[in-house]
Amino acid sequence: VQLQASGGGLVQAGGSLRLSCAASGHTFSTYGMGWFRQAPGKEREFVAAISRSGGATYYADSVKGRFTISRDNAKTTLYLQMNSLKPEDTAVYYCAVSRLNLADTRDRYDYWGQGTQVTVSS
């Protein structure tokens, strides 16, 4: 399984970014997927998860109402639309694949992408 995250960058507070995660090497639509992030000096934390079909989603409280996770099974790509960004959203963002639906802990994910840096300036 290969996961390639992209779309990170530098943005001002209040701005938006859209992350993408291109997947290959597995049957994309049979796996749940999620986004995690890791800020300097902190543990990797859950951000959002999406079910195999894309019909159900789950968010960390810190991003609820600002971030939207989605997937395109035909394109085998996962997305994270991030709006109203805050400096505390600054982190490396990772996409991951799980055999479970809507998993929200690291140990429930089987494969990880390399991460993409998001920096939000105040």
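Residues numbered from 1 in each chain as written. Predicted model: local features only at pLDDT ≥ 70, side-chain atom pairs only at ≥ 80, totals over all residues. Heavy atoms only, no water.

Caption draft 1: Seen up close, unusual backbone geometry. The phi dihedral of threonine 76 is positive, around 45°, even though this residue is not glycine. Tracing the backbone shows threonine 76 in the loop between strand 7 (67-72) and strand 8 (77-82). Assessed through its relative accessible area of 27%, threonine 76 is described here as partly exposed. Although it is not a glycine, leucine 102 sits at a positive phi angle of roughly 60°. Assessed through its relative accessible area of 29%, leucine 102 is described here as partly exposed. (Helix = DSSP H or I, 4+ residues; strand = E, 2+ residues; numbered from the N terminus. Buried < 20%, exposed > 50% of the residue type's maximum accessible area, 1.4 Å probe, protein only.)

Caption draft 2: Geometry of the sheet that holds strand 3 (residues 17-24). The sheet built from four strands is open, its strands ordered 1-3-8-7 with antiparallel pairing. With partners counted over all chains shown, the strands left at the sheet margins are strand 1 (2-6) and strand 7, one partner each. Averaged over all adjacent pairs, the angle separating strand axes in this sheet is 15°, with direction ignored. Bridge count between strand 3 and strand 8: six bridges; the pairing is antiparallel. Bridged to serine 20 within strand 8 is tyrosine 79. (Pairing = 2+ DSSP bridges. Axes fitted to C-alpha atoms, helices over the stretch in contact; angles between N-to-C directions.)

Caption draft 3: Main features of the pattern of salt bridges. Counting across every chain of the model gives five salt bridges. Salt-bridge contacts for glutamate 45 lead to arginine 37; the nearest nitrogen and oxygen are separated by 2.6 Å. Look at glutamate 45 and you get partly exposed, because its relative accessible area is 37%. Where lysine 64 meets aspartate 61, a salt bridge forms, and the shortest distance between an N and an O atom there is 3.1 Å. According to the relative accessible area criterion, lysine 64 is partly exposed, its value standing at 48%. Since its relative accessible area comes to 66%, aspartate 61 is described here as exposed. Within this structure, Arg37, Glu45, Arg66 and Asp89 form a network of salt bridges that share partners. (Salt bridge = Lys/Arg side-chain N within 4 Å of Asp/Glu carboxyl O.)

Caption draft 4: View of the packing of aromatic side chains. Under the defined criterion, the tally for this structure stands at five aromatic pairs. Relative to tryptophan 112, the ring of phenylalanine 36 has its centre 5.0 Å away and its plane inclined at 65°; by these criteria the two rings are edge-to-face. Within this pair, whereas phenylalanine 36 is found in strand 4 (residues 32-38), its partner tryptophan 112 is found in strand 10 (residues 111-112), the two being separated by 76 residues in sequence. You can call phenylalanine 36 buried: its relative accessible area is 1%. Here the aromatic cluster, defined as three or more aromatic residues joined through ring pairs, consists of Phe36, Phe46, Tyr58, Tyr109 and Trp112. (Phe/Tyr/Trp six-rings, centres within 6.5 Å; stacked < 30°, edge-to-face > 60°.)

Caption draft 5: Quick look at the side chain of arginine 44. Topologically, arginine 44 is positioned in the loop between strand 4 and strand 5 (45-50). Buried and without a salt bridge, arginine 44 has glutamate 43 as its closest oppositely charged side chain, separated by 9.6 Å. A polar atom in the side chain of arginine 44 sits 3.4 Å from the side chain of glutamine 38. (Lys, Arg positive; Asp, Glu negative; His and termini not counted. Polar contact = N/O pair within 3.5 Å; in protein donor to acceptor, adjacent residues only side chain to side chain.)

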